[in-house]
Amino acid sequence: MSTAAEIVLNGLALGAVYALVSLGFVIIFKASAVFNFGHGSLLLFGGYLTAVLHEQLGFAAALAVAVVATAAVAAAIERLLLRNTDPHAAHTLTIITIGVDIVLMTDLARRIGGDLLSLGDPWGNGTAEFAGVTVAQSRLASIAAAVVVIGAVFAVFRFTSWGLSLRAAAEDREAAALMGIRLERIRMLAWCLAGALAAIAAVFLTAFPSAGLERTTGHIALAAFPAAVLGGMTSPTGALLGSLLIGVTEALCAGYQTELSALGSGFSDVAPYAVMVLVLMFRPTGLLGTKETVRV
């Protein structure tokens, strides 16, 4: 029983980190109708900056610099590469993000090489035990951090003028523009926020029991993409729910790998996509997604 509880708790912690990433996908999609496939490279960039700066600046200052720098890079991508492209050609914008991902990933992979980089997080390899369940302190920290950060993001959506403008633009961009909402500013701030969330997620994705930051760490963001689709690309709450479901599913598949050996040794890696496909067969718009009505 304790083993099952430990696996579920680790899955919830993993899902909490996935929520930070998938929320970035959803925010950008709501603001600009773009699937940002460059999100993984932003995550890797934020993690790399924290890794190379934490010895000189300390962990907290290095993370703050990484968050600001990643947000700035995300804003530059939107401003320099996407803004001058037809905003109605979402497929073109999505392809551009794939190109950005390839360029950034290639450069960062060259810099990291075959090394495993530590981000200097204060939890180290410490563990905590309660009720017979042993869990890494970094996992508990990831849950606490995700609750605080995601709570703050939802508060921004609910109580600020930018959040109201973002929701209005997501509902009807043309009507929002006619009401005086500056869509370009909304899109840039959305990219900034998504980049900042990716940098924070990098810390917990590379903390113990993970080995550290490596050149393939950015690919982990691809596991959070099914969570965003699963919850509904227009629903932040759906992204949170989908992330927790994906995290627990992945942890259960990894924890009971022996019992699932008939499905292959790496089934936990494809489990998020299997769950996504299964749900979309019955809910094409995702768990909390809404159907779009178009007048013809």
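The structure reproduced in this document is the subject of the present report. (Residues numbered from 1 in each chain as written. Predicted model: local features only at pLDDT ≥ 70, side-chain atom pairs only at ≥ 80, totals over all residues. Heavy atoms only, no water.)

## A word on the overall build of the chain
Applicable threshold: Every helix listed is a DSSP run of H or I at least four residues long, and every strand listed is a run of E at least two residues long, numbered separately from the N terminus. With the radius of gyration taken over C-alpha atoms, the globule rule is written as 2.2 Å times the number of residues to the power 0.38. Buried residues are those whose accessible area, probed at 1.4 Å on protein chains only, stays under 20% of the maximum for their type, while exposed residues exceed 50% and partly exposed ones sit between those limits. Here Asp and Glu are counted as negative and Lys and Arg as positive; His is not counted, and neither are the chain ends. The location of each charge is read from NZ of Lys, CZ of Arg, CG of Asp or CD of Glu.
Across its full length, the chain carries eleven helices and two strands. Starting at the N terminus, the α and β elements of the chain follow one another as α-α-α-α-β-β-α-α-α-α-α-α-α. Rg of the C-alpha trace for the chain: 19 Å, near the compact-globule value of 19 Å for 296 residues, within the 12% margin. Principal-axis analysis of the C-alpha atoms places the extent of the chain at approximately 60 × 50 × 35 Å. Burial status across the chain gives 49% buried among its 296 residues. Computed over 16 positive and 18 negative side-chain charges, the inter-centroid distance for the chain is 12 Å.

## Quick notes on the layout of surface pockets
In plain terms, the rule: Any residue with an atom within 4 Å of a point lines the site, the site being either a cavity, points on a 1 Å grid over the protein atoms alone where a 1.4 Å probe fits but cannot get out, or a pocket, an open set with protein on both sides within 12 Å along at least 5 of 7 lines. Grid points are joined across faces, edges and corners, and a volume is the space filled by probe spheres set on the points.
Considering only enclosed or pocket space, the second largest pocket measures out at about 390 Å³ in volume. Around the second largest pocket sit 19 residues that line it, and L14, Y18, I220, E250 and D269 are the ones nearest its centre. Mapped by element, the contributors of at least two residues to the lining of the second largest pocket are α1 (2-32), α8 (183-206), α9 (221-231), α10 (236-255) and α11 (267-282).

## Topic: the pattern of salt bridges
Operational definition: Criterion for a salt bridge: a side-chain nitrogen of Lys or Arg within 4 Å of a carboxyl oxygen of Asp or Glu.
Under the defined criterion, the tally for this structure stands at three salt bridges. The residue R111 makes a salt bridge to D107 at a minimum N-O spacing of 2.9 Å. Of the two residues, R111 and D107 are both situated in helix α4 (residues 90-112); the distance of four residues between them amounts to about one turn of the helix. With relative accessibility at 45%, the residue R111 sits in the partly exposed group. Salt bridges linked by common partners bring D107, R110 and R111 together as one network.

## With respect to the packing of aromatic side chains
Put simply, the rule is: Classification of ring pairs uses Phe, Tyr and Trp, with its six-membered ring standing for Trp, and accepts pairs whose centres are within 6.5 Å; under 30 degrees between planes counts as stacked, over 60 as edge-to-face, and the remaining range as tilted.
Inspection of the entire model under this criterion finds nine aromatic pairs. Between F29 and F35 the ring centres are 5.0 Å apart and the planes differ by 40 degrees, which places this aromatic pair in the tilted class. Judged by relative accessible area, which is 29%, F35 ranks as partly exposed. Each member of the aromatic cluster is reached from another via a ring pair, and the members are F25, F29, F35, F37 and F225.

## A short note on the nonpolar core
Basically, it comes down to this: Take the buried Ala, Val, Leu, Ile, Met, Phe, Trp, Tyr and Cys residues and link them wherever side-chain atoms come within 4.5 Å; each set so joined is a nonpolar core. A contact between two residues is defined here by any heavy atoms of the two lying within 4.5 Å.
In terms of nonpolar packing, the biggest core is built from 79 residues, with I27 and L213 touching the most fellow members. It is α8 that provides the largest number of residues to this core, a total of 15 residues. Leaving out residues up to four positions away in the same chain, L213 has contacts with L44, G47, Y48, A51, I112, D115, L116, L117, L119 and T206.

## As for the pairing of strand β1 (residues 127-130)
The condition is simple: DSSP bridges decide pairing: two strands pair if at least two such bridges lie between them.
Note that β1 and strand β2 (residues 133-136) share four bridges and pair antiparallel. Across the sheet, the residue bridging to A128 is V135, located in β2. The hairpin formed by β1 and β2 contains two residues between the paired strands, and A131 there has a positive phi angle of roughly 55 degrees.

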